[in-house]
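Structural features, examined
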Amino acid sequence: AQTVTQSQPEMSVQEAETVTLSCTYDTSESNYYLFWYKQPPSRQMILVIRQEAYKQQNATENRFSVNFQKAAKSFSLKISDSQLGDTAMYFCAFLSIIQGAQKLVFGQGTRLTINP
Amino acid sequence: DAGVIQSPRHEVTEMGQEVTLRCKPISGHNSLFWYRQTMMRGLELLIYFNNNVPIDDSGMPEDRFSAKMPNASFSTLKIQPSEPRDSAVYFCASGGVYGYTFGSGTRLTVV
């Protein structure tokens, strides 16, 4: 079974700093996808960034980028020039595809606070 | 595109009552997931469907929980009878390899 581990329950940084959230996963599959989701206090789940396992190039979306280390099964999220609006819970997610059916599993989340 | 629509947004019910949560996925999405979110347990995958067929319901906590997807545009999660420990936010999500879109969730409180 696939498992996703986020080892940092909480993090706090100053506005404009760079912060990295860690995520590791366990799988025996070679074809899968990884995501980071953000959940602000509004509780809405918002897709931040995605990564295909077959791509070596790390995904980037504006201030958000990932460091995908397939051999180490690591998928960290870097937020550059952090803003107050980045304050939220961040969830790492693993998507497997088994016999055509997709299964999406989440880590426990990291609560990120950006301080002014 | 109205996104994934869940109803109701809030539900307060008494212990022992039946509760039905509803979800309308985004048109064209073949996969649908139900999650439960609590402070203690985080986001738990309850059940997921592919092309309206339940694939894995091993995350459903007890027989009191059941889910259906009678067609591609509608799914329900039912709890009968409800208990206070079922209090949580329940999310529905639909999508594919490009990412999953979540509904706004239903906050269920069982008193």
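An account of the accompanying structure is given in this report. (Residues numbered from 1 in each chain as written. Chains lettered and ligands numbered in written order. Predicted model: local features only at pLDDT ≥ 70, side-chain atom pairs only at ≥ 80, totals over all residues. Heavy atoms only, no water.)

**So, the pattern of salt bridges**
Rule in force here: What makes a salt bridge here is a side-chain nitrogen of Lys or Arg within 4 Å of a carboxyl oxygen of Asp or Glu, nothing more. Strands here are runs of E lasting at least two residues and helices are runs of H or I lasting at least four, both read from the DSSP assignment and numbered beginning at the N terminus. Working definition: with a 1.4 Å probe on protein chains only, accessible area under 20% of the residue-type maximum means buried, over 50% means exposed, and in between means partly exposed.
Following the criterion strictly, the structure yields 13 salt bridges over all chains and no others. Residues A:Lys103 and B:Asp56 are paired through a salt bridge, measuring 3.8 Å at the closest nitrogen-oxygen approach. Here the residue A:Lys103 occupies a position in strand 11 (residues 101–106), and B:Asp56 occupies one in strand 6 (residues 53–56), the pair thus bridging two chains. Of the charged contacts in the structure, one is a salt bridge between B:Glu83 and B:Arg85, with a shortest N-O distance of 2.6 Å. The partly exposed category is assigned to B:Glu83, whose relative accessible area is 23%. Taken together, the shared-partner salt bridges connect B:Glu62, B:Arg64, B:Glu83, B:Arg85 and B:Asp86 into one network.

**Overview of the packing of aromatic side chains**
Centre-to-centre distance and the angle between the planes together describe a pair of aromatic rings. Defined as follows: Two aromatic rings from Phe, Tyr or Trp, using only the six-membered ring of Trp, form a pair when their centres are within 6.5 Å; if the ring planes differ by under 30 degrees the pair is stacked, by over 60 it is edge-to-face, and anything between is tilted.
A full pass over the atoms with the stated rule returns 16 aromatic pairs over all chains. Here A:Phe68 and A:Phe75 contribute two aromatic rings whose centre-to-centre distance is 6.3 Å and whose plane-to-plane angle is 80°, an arrangement assigned as edge-to-face. Counting every residue linked through ring pairs, the aromatic cluster contains A:Phe35, A:Tyr37, A:Phe91, A:Phe106, B:Phe33, B:Tyr35, B:Tyr48, B:Phe91, B:Tyr100 and B:Phe102.

**A few points about the sheet that holds strand 3 (residues 19–24) of chain B**
Residues and elements named next belong to chain B. What counts here: The rule for pairing is simple: two strands pair if DSSP sees at least two bridges between them. For every element, the axis is a line fit to its C-alpha atoms; helices are fit only across the contacting stretch, and the angle between N-to-C directions ranges from 0 to 180 degrees.
Reading across the sheet, the four strands line up as 1-3-8-7 and stay open at both edges, with antiparallel pairing between neighbours. Of all the strands in the sheet, just strand 1 (5–7) and strand 7 (65–71) have a single pairing partner and so form its edges. Ignoring which end each strand starts from, the neighbouring axes of this sheet average 15° apart. One ladder, built from three bridges, connects strand 1 with strand 3; its direction is antiparallel. Paired with Ile-5 across the two strands is Lys-24, which belongs to strand 3.

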